[in-house]
Amino acid sequence: MRILALALVIVAATSCAFVDRLRPGPTIAPLISAAFLSVHLVAGDAGDAQERQRLPGLRDALAGALPGSWSVATAGRGMLNMRTDGDIDVTLEGTNGTSALTQHTRGGKVTSRTIAVHTIDGSRRLTLSELVATTLHELGHIWCCFGPGTSGGHWTDAPAGFSAVGLMYSPMRCDVPAGGDPVCPSVFSDRELAQMGLNGP
Ligand SMILES: [Zn+2]
């Protein structure tokens, strides 16, 4: 068994006043709910030829998988819809990089959020299951994780091996069976659901 470690970060950017003007409406912080979340997923146009060819299909596959994956990840308490005018824009970047949630703030308040999901890690092209887990992780950062036991938006007590429960560790560990596709964490833990406001029945 091989363990893959995906490097994911949360980034807080400051003062993007123009972003607020370009994206009015649904990205005001208090209105984003993990129980009813809408996502606008777009494929970027960067990357090498192979990745540019792969991106549209990946985008469609990810868009198809996210609503069900969000339901599973939130123990059925959250609903996610794909929409052109979503609460948050997620861009599939066809380049190597560290996926991140960027929060644009003005006057100390979050005015909008964007997520960049990179489809290449080093020289490896990530699979759909890895991209689903990465996207769940970055979406989780909208609410999680803060306070005792966290650092930089992640829990500091990461399990040594693979665990399907718990999406907010860094690096995120996926299990790669010999000759098989990576299996990544798929369910938010109870403490993650609590920070997301989804701990009720
Ligand atoms: Zn993270």
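Here the structure is a predicted model, which is why all the values come from computation and not from measurement.

Moving on, we come to helix H3 (residues 128–140). Compared with the 18 Å implied by 1.5 Å per residue over 13 residues, the 18 Å span of H3 between its first and last C-alpha is a close match. Of all 13 residues in H3, 11 are buried, a share of seventy percent or more. Burial in H3 covers these residues: Glu130, Leu131, Val132, Ala133, Thr134, Thr135, Leu136, His137, Glu138, Leu139 and Gly140.

Turning our attention to the environment of Gly122. With respect to the secondary-structure elements, Gly122 resides in the loop between strand S7 (109–121) and strand S8 (124–125). Along the chain, Gly122 and Thr98 lie 24 residues apart, while their C-alpha atoms are 9.6 Å from each other.

All right, on to the packing of aromatic side chains then. Inspection of the entire model under this criterion finds two aromatic pairs. Centroid distance Trp70 to Trp143: 6.1 Å. Interplanar angle 45°. Geometry classified as tilted. Taken as a pair, Trp70 in helix H2 (residues 49–73) and Trp143 in the loop between H3 and strand S9 (150–151) lie far apart in primary sequence, 73 residues in all. What makes Trp70 buried here is its relative accessible area of 0%. Taken together, a centroid distance of 5.6 Å and an interplanar angle of 80° make the contact between Trp70 and Phe188 edge-to-face. Here Phe188 lies in the loop between strand S11 (172–176) and helix H4 (190–195) and Trp70 lies in helix H2, a separation of 118 residues in the sequence. There is no split in this pair, since Trp70 and Phe188 are both buried. By way of ring pairs, the aromatic residues Trp70, Trp143 and Phe188 are connected into one cluster. Taking NZ or CZ as reference, Arg191 lies 4.0 Å from the ring centre of Trp155, over its face.

This paragraph deals with H2. Between its first and last C-alpha atoms H2 spans 33 Å; for 25 residues at 1.5 Å apiece the expected length is 36 Å, and the two agree. In the structure, H2 departs most strongly from a straight axis at Leu66, where the bend amounts to approximately 35° and where the proline Pro67 lies between one and four residues downstream. Residues of H2 that are buried: Glu51, Leu55, Leu58, Leu62, Ala63, Leu66, Ser69, Trp70 and Ala73. With its phi angle positive at about 55°, Ala75 sits one or two positions after the end of H2.

So, about the confidence of the model for the protein chain. Considering every residue of the protein chain, the mean pLDDT works out to 85; 86% of them sit at 70 or more. Across residues 12–30, where pLDDT falls below 50, the model places 27 contacts with residues more than four positions away in sequence or in other chains.

The protein atoms donating to the zinc ion are His137 (NE2), His141 (NE2) and His154 (NE2), with metal-donor distances spanning 2.0 Å. Here the donor residues of the zinc ion are spaced in sequence according to H-x3-H-x12-H. Note that His141 is positioned in the loop between H3 and S9 and His154 in strand S10 (residues 154–155), a separation of 13 residues in sequence. His154 carries the same exposure label as His141, and that label is buried.

A few words on the state of the cysteines. Two cysteines joined by a covalent bond between their sulfur atoms form a disulfide. Counted according to the given criterion, the structure contains two disulfides. Between the sulfur atoms of Cys144 and its disulfide mate Cys145 the distance is 1.9 Å. Judged by the sign of its S-S torsion, about 90°, the cystine formed by Cys144 and Cys145 is right-handed. Per residue, the accessibility class of Cys144 equals that of Cys145, and both read buried.

Next up on the list: the pairing of S7. The sheet contact formed by strand S5 (residues 88–96) and S7 spans six bridges and is parallel. What sits directly across from Val90, in S7, is Ile115. As defined by bridge partners, strand S6 (residues 99–106) adjoins S7 across seven bridges and the pair is classed as antiparallel. Paired with Thr102 across the two strands is Thr114, which belongs to S7.

Attention shifts here to the pattern of salt bridges. In the structure shown here, the tally under the stated rule is six salt bridges. One salt bridge in this structure joins Arg59 and Asp60, with 3.2 Å as the shortest N-O distance. The exposure class of Arg59 is partly exposed, given its relative accessible area of 24%. Across the pair Asp157 and Arg191 runs a salt bridge whose closest N-O atoms are separated by 2.8 Å. Taken together, the residues Asp157 in the loop between S10 and S11 and Arg191 in helix H4 connect sequence positions 34 residues apart. Because the salt bridges share partners, they merge into one network encompassing Asp48, Glu51, Arg54 and Arg125.

Thresholds, definitions, all that
- Numbering of residues starts from 1 in each chain and follows the order in which that chain's sequence is written.
- Local features in this predicted model are restricted to residues of pLDDT 70 or higher, and side-chain atom pairs are both shown and tallied only at a pLDDT of 80 or more, whereas totals for entire chains, interfaces and linings draw on every residue.
- Side-chain metrics in this entry use all non-hydrogen atoms of the structure; hydrogen atoms and water are not considered.
- Each helix corresponds to a stretch of at least 4 residues labelled H or I by DSSP, and each strand to a stretch of at least 2 residues labelled E; elements are numbered beginning at the N terminus.
- The length a helix should cover is 1.5 Å for every residue beyond the first.
- Working definition: with a 1.4 Å probe on protein chains only, accessible area under 20% of the residue-type maximum means buried, over 50% means exposed, and in between means partly exposed.
- Aromatic pairs are defined between Phe, Tyr and Trp rings, using the six-membered ring for Trp, whenever the two ring centres lie within 6.5 Å; interplanar angles under 30 degrees are classed as stacked, those over 60 as edge-to-face, and all others as tilted.
- Charge-over-ring placement is defined geometrically: NZ (Lys) or CZ (Arg) within 6 Å of the ring centre, and within 35 degrees of the ring normal.
- Two axes are fitted around each residue, one to the seven residues ending there and one to the seven starting there, and the angle between them is reported as the bend at that residue.
- The predictor's confidence in any single residue is recorded as pLDDT, a number from 0 to 100.
- Whether two residues are in contact is decided by their heavy atoms, any of which lying within 4.5 Å being enough.
- As a rule, N, O and S atoms within 2.8 Å of a metal are its donors, except that Na, K and Ca use 3.2 Å; water is not among the atoms, so sites may look incomplete.
- Working definition: a disulfide is two cysteine sulfur atoms within 2.5 Å of each other.
- At least two DSSP bridges between two strands are required for those strands to pair.
- Salt-bridge detection follows one rule: a side-chain nitrogen of Lys or Arg within 4 Å of a carboxyl oxygen of Asp or Glu.

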